[in-house]
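# Topology and contacts: notes
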Amino acid sequence: MLEEIATVSAVYDGEVEVVCFSKSACGQCKQNSQCGTGIVSQALPGRDHRFLIATDLALTVNQQVRIGIPEQGLLSSVFLVYLFPLLLVLAGALLTSEVFNLGDGGTILGAVVGGIIGFVLAARWAKGAGRLTTEPVIISALLPVASVACEADAP
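Below or above, wherever it landed, is the structure these notes cover. Residue numbers run consecutively from 1 along every chain, following the written order of its sequence. Reporting of local features is limited, given that this is a predicted model, to residues whose pLDDT is at least 70; pairs of side-chain atoms are given and counted only at 80 or more, and all residues count toward the totals for whole chains, interfaces and linings. Only hydrogens and water are set aside when side-chain values are computed; all heavy atoms of the structure are taken into account.

### Re a nonpolar patch on the surface
- There is a patch of nonpolar side chains on the surface, built from Leu2, Leu74, Val78, Phe79, Val81, Tyr82, Leu83, Leu86, Leu87 and Leu90 and spanning about 910 Å² of accessible area.
- Helix and strand assignments follow DSSP, with helices taken as H or I runs no shorter than four residues and strands as E runs no shorter than two, numbered in order from the N terminus. Element by element, the count of residues in the nonpolar patch is highest for helix H2 (residues 71-99), at 9 residues.
- Tracing the chain through its elements places Leu90 in helix H2.
- A 1.4 Å probe rolled over the protein chains alone gives each residue an accessible area, and that area as a share of the maximum for its type sets the label: buried under 20%, exposed over 50%, partly exposed in between. With a relative accessible area of 51%, Leu90 lands in the exposed category. Patch rule: a residue counts if its relative accessible area is over 30% and it has no salt bridge; like charges are joined within 9 Å, and nonpolar side chains (Val, Leu, Ile, Met, Phe, Trp, Tyr) within 5 Å. Note on areas: Shrake-Rupley with a 1.4 Å probe; residue coverage comes only from the protein chains shown. Here, a salt bridge means any side-chain nitrogen of Lys or Arg that lies within 4 Å of a carboxyl oxygen of Asp or Glu.

### Brief notes about helix H3 (residues 103-127)
- One less than the number of residues in a helix, times 1.5 Å, gives the span that helix is expected to have. Taking 1.5 Å per residue, 25 residues should reach 36 Å; H3 reaches 36 Å between its end C-alpha atoms and fits that length.
- Considered for burial, the residues of H3 that qualify are Gly106, Gly110, Ala111, Gly114, Gly115, Gly118 and Ala122.

### Concerning H2
- Taking 1.5 Å per residue as the helical rise, H2 with its 29 residues ought to reach 42 Å, and the 39 Å between its terminal C-alpha atoms agrees with that figure.
- Taking the largest bend as the criterion, H2 deviates by roughly 40°, centred on Leu80.
- By the burial criterion, the buried members of H2 are Gly73, Ser77, Leu80, Pro85, Gly92, Ala93 and Thr96.
- Throughout, a contact is declared for two residues whenever any of their heavy atoms are within 4.5 Å. Where H2 is buried, its residues contact H3. One axis fitted to the seven residues ending at a residue, another fitted to the seven starting there: the angle between these axes is the bend at that residue.

See below:
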């Protein structure tokens, strides 16, 4: 399960709205000011991602929770969105090029038709009930961090 820390932004009857903030991979090394990716990540504002998650936990606003997305659902989504249409693009190009000998124009047309068929089939498959389980779930509520004053700080 892929996990992330999120903050509860709203509590509704039987569900909560949580928000996660995108983190850039850059900004952690000393080459951040010279790296092109680091410069771009500084220029673009961070995005937040909001999800409604059904839960029976007693959560409060601003409480942090650990959410997760099942890996199998994510892998299935990646296959449907990227790999399946790509395979049909290649199959369409190969079919028109080798079987029908239609030349370069026919190969391009076959690739386009194969890609369109791949995306249409992927969309229909994804809409099937319960096929993809990519909805996030709340794994656990995190305990709030208590601030403890040191004895040396006391007057």
